[in-house]
There are 2 protein chains.
Amino acid sequence: MRRRLLNEAARVLSEGGPAALSARRLAKEAETSTMAVYTHFGSMPELVRALTREGFDRFLVRVEAVARNDDPVAELAELCGVYQAFARAERDVYAVLFGGSTLLGFTLTDEDRAMGVAVLRHPRDAIRRCIAAGRFRRDADPDLLVRQLFCQMHGLAQLDHVGYLVGAHGPDRVLAAMIHDFAVAAGDPAAAATRSVAAGLGRGDSPA
Amino acid sequence: MRRRLLNEAARVLSEGGPAALSARRLAKEAETSTMAVYTHFGSMPELVRALTREGFDRFLVRVEAVARNDDPVAELAELCGVYQAFARAERDVYAVLFGGSTLLGFTLTDEDRAMGVAVLRHPRDAIRRCIAAGRFRRDADPDLLVRQLFCQMHGLAQLDHVGYLVGAHGPDRVLAAMIHDFAVAAGDPAAAATRSVAAGLGRGDSPA
DNA sequence: GTCCGCTTCATAACAGCGTTACAGTGGGCT
DNA sequence: AGCCCACTGTAACGCTGTTATGAAGCGGAC
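Residues numbered from 1 in each chain as written. Chains lettered and ligands numbered in written order. Predicted model: local features only at pLDDT ≥ 70, side-chain atom pairs only at ≥ 80, totals over all residues. Heavy atoms only, no water.

A. Structural context of the packing of helix H10 (residues 171-186) of chain B against helix H11 (residues 190-202) of chain B. Residues and elements named next belong to chain B. The interhelical angle for the contact between H10 and H11, taken along N-to-C directions, is 135 degrees, at an axis separation of 9 Å. On the basis of their axis angle, the class for H10 and H11 is oblique. Helix-helix and strand crossings are classified by hand; for H10 and H11 the assignment is right-handed. Facing H10, whose interface residues are Leu175, Ala176, Ile179, His180, Ala183 and Val184, H11 presents Ala190, Ala193, Thr194, Val197 and Leu201. Looking at side-chain class alone, the contact of H10 with H11 contains nine nonpolar, two polar and no charged residues. (Axes fitted to C-alpha atoms, helices over the stretch in contact; angles between N-to-C directions. Helix = DSSP H or I, 4+ residues; strand = E, 2+ residues; numbered from the N terminus. Parallel < 35°, antiparallel > 145°, perpendicular 65-115°, else oblique. Left-handed = near helix turned anticlockwise from the far one by under 90°. Contact = heavy atoms within 4.5 Å. Nonpolar A, V, L, I, M, F, W, Y, C, P; charged D, E, K, R; others polar.)

B. Seen up close, the interface of chain A and chain B. Taken together, the contacts link 38 residues of chain A with 38 residues of chain B. Across the chain A/chain B interface, buried area totals approximately 3,200 Å², and carbon plus sulfur atoms make up 67% of it. Considering only the surface of chain A that becomes buried against chain B, Arg147, Cys151 and Tyr164 of chain A emerge as the three largest contributors, covering 23% of it. Where chain A meets chain B, there are 17 residue pairs in polar contact (both at pLDDT 80 or more). The set of elements that each furnish at least two residues to the side of chain A that touches chain B consists of helix H7 (110-119), helix H9 (142-162) and helix H10 (171-186) of chain A. Top contributing element to the side of chain A that touches chain B by residue count: H9 of chain A, with 14 residues. (Buried area = accessible area lost by both parts, 1.4 Å probe. Polar contact = N/O pair within 3.5 Å; in protein donor to acceptor, adjacent residues only side chain to side chain.)

C. Seen up close, the protein's contact with DNA strand D. Taken together, 18 residues are adjacent to DNA strand D, and Ser33 and Thr39 of chain A together with Ala23, Arg24 and Met44 of chain B come closest. In the interface set of DNA strand D, defined as its atoms within 4 Å of the protein, sugar plus phosphate atoms amount to 41%. In the environment of DNA strand D, a phosphate oxygen lies 3.3 Å from a nitrogen or oxygen atom belonging to the side chain of Thr39 of chain A. At 2.8 Å from a phosphate oxygen of DNA strand D is found a main-chain nitrogen or oxygen belonging to Met44 of chain B. With four residues, the single largest contributor to the surface near DNA strand D is helix H3 (residues 35-40) of chain A. Across the surface near DNA strand D, the residue classes tally to ten nonpolar, six polar and two charged. (Near = heavy atom within 4 Å.)

D. Quick peek at the protein's contact with DNA strand C. Near DNA strand C you find 18 residues, and of these Ala23, Arg24 and Met44 of chain A together with Thr32 and Ser33 of chain B are the closest. Within the side chain of Arg24 of chain A, a nitrogen or oxygen atom sits 2.6 Å from a base nitrogen of DNA strand C. Contact between DNA strand C and Thr39 of chain B: a phosphate oxygen at 3.3 Å from a side-chain N or O atom of the residue. Among the elements that line the surface near DNA strand C, the one with the most residues is helix H3 (residues 35-40) of chain B, at three residues. The residue inventory of the surface near DNA strand C, partitioned by class, reads nine nonpolar, seven polar and two charged.

E. Molecular detail of the relation of the copies chain A and chain B. By a simple turn and slide, chain A fits onto chain B: the slide is 0.0 Å along the axis, the RMSD is 0.0 Å, and the turn is 180 degrees. Both copies are brought into coincidence by an operation consistent with a two-fold rotation axis. In terms of proximity to the rotation axis, the leading residue of chain A is Gly155 of chain A, whose C-alpha is 1.8 Å off the axis. Residue by residue, 100% of the interface of chain A is reproduced at the interface of chain B, so both copies engage with the same surface. (Least-squares fit on C-alpha atoms with pLDDT ≥ 70 in both.)

F. Inspection of helix H5 (residues 72-89) of chain B at higher detail. Residue and element names in this part refer to chain B. With 18 residues, H5 should cover 26 Å at 1.5 Å per step; its first-to-last C-alpha distance of 25 Å lies within 8% of that length. Along H5, 16 of the 18 residues are buried, which leaves the element largely enclosed by surrounding structure. Residue Asp71 occupies the N-cap position of H5, its side-chain oxygen lying 3.1 Å from the main-chain nitrogen of Val73. (Expected span 1.5 Å × (residues − 1). Buried < 20%, exposed > 50% of the residue type's maximum accessible area, 1.4 Å probe, protein only.)

G. A look at the side chain of His122 of chain B. Residue and element names in this part refer to chain B. Relative to the elements of secondary structure, His122 occurs in helix H8 (residues 121-132). Taking relative accessible area as the criterion, His122 reaches 17% and is therefore assigned buried. Setting aside residues no more than four positions away along its own chain, His122 makes contact with Leu60, Val63, Glu64 and Leu79.

H. Representation of the environment of Thr39 of chain B. Residues and elements named next belong to chain B. By the element assignment, Thr39 lies in helix H3. Accessibility expressed as a relative area gives 57% for Thr39, which makes it exposed. Here the alpha-carbon distance between Thr39 and Arg2, two residues 37 residues apart in the chain, equals 9.2 Å. A distance of 3.0 Å separates the side chain of Thr39 from the backbone oxygen of Ala36, its partner in a polar contact.

I. Just the nonpolar core, in detail. Ranked by size, the top nonpolar core spans 144 residues in total, and within it Phe98 and Phe136 of chain A together with Phe98 and Phe136 of chain B carry the most contacts. For Phe136 of chain A, the contacting residues outside a window of four places in its chain are Val73, Leu76, Ile127, Cys130, Ile131, Phe182, Ala183, Ala186 and Asp188 of chain A. (Core = buried A, V, L, I, M, F, W, Y, C linked by side-chain atoms within 4.5 Å.)

J. Main features of helix H4 (residues 44-64) of chain B. For H4 of chain B, which comprises 21 residues, the first-to-last C-alpha distance of 30 Å matches the rise-based estimate of 30 Å (1.5 Å per residue) to within 8%. Three or more residues of H4 of chain B are buried, namely Met44, Leu47, Val48, Arg49, Ala50, Leu51, Thr52, Gly55, Phe56, Phe59 and Val63 of chain B.

K. Main features of unusual backbone geometry. Despite not being glycine, Glu31 of chain A shows a phi value in the positive range, around 55 degrees. Of note in this structure, Leu103 of chain B is not a glycine but carries a positive phi near 50 degrees. Relative to the assigned elements, Leu103 of chain B resides in the loop between helix H6 (91-97) and helix H7 (110-119). Judged by its relative accessible area of 8%, Leu103 of chain B is buried.

So, in structure tokens, the structure goes:
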């Protein structure tokens, strides 16, 4: 029943948006009563918490699927592409994980956020390899840089979601430019950055 | 009454957060009945819309208060500082303006978003002056760059709000680094960028 | 002055929400 | 068999946004 409630919750959320997620709606979809929510989760916010944990897991799976290769800048670009692809594929879940969406009063705990921070290990390692490979400056600070990149990726994902990135330059164009400029500012030659970004974003699922 | 309801709404929102904003609570605070909301606004979402319009206005006032000076990169940095200061001063309003917060079912219309996009005119003009002054590359695209900067500013503001920017490097450090790297990638020499960012963020209200 | 019309507000109600108290109901273990 | 415990259906409480209804006040016309 627990599994079934979570599955229905994910389905209702993706099909009907955050407003459609209610205890009574869930009970109807799962062919049970609202009590099932309280025996298995305790409250609706706790059910949402379970949803976020699965969301973090799926996010981590995508990120870990990025293969290590001999061009760390391309690898970093691919990680960014995966980030955007996840944000688009699971808009409403992403909004809860990183966008501050409360969704029935649920708010992230420090422990929840730790799961999000844990994902940053991968881009930070990629940045370290960029430094080791001589692409980024030797005195660059991976911890600071990964935070900057995190802000850029989240800002892009959410502004796109909310509808602010319409017009001349779409989100894909902005994404490529941001990664390119990020690498250049970190020390990568412009031509090399252009090549690696194209290679990284071309690999795997396009965020489009 | 209309004014009074809006004032009380802004107060309740800032004091009690989004969850505290309800028609009955508003009616009690403004010493009237819930009907007042419907005669003056039609619905609660429409009242929220009125709140957002005032939010956009206050945002624009802050941005327009940034004085033009002979260092366009510093001016750009100051604009970024003002952006962060506004996001922190009016967290919940900002979350509705740019963060996709629904707040009683309200969602932005294209017209609403146009008010947000209008604010971007100022940083875009600053970027143009950076190009004209020879600080940024002559072939830089202001429209693309301002979108990149927008993403960075929003990502920083919201990740800070949600609580993801704790630890070694706080939001102020990340902000300075992002603007610096943004300028460097656009063509500004690192030393000049460092100086201008320090000057721009030092001016006016600190985002801290 | 008196009446009309219009705006505005108070009361009460409806449907929905999360949540809870209570009364089973079923299956597994002794 | 008997017992216990996890589970669930029903109904209710207090909250939400919203609406129907009626009353009150105000401004202008005659």
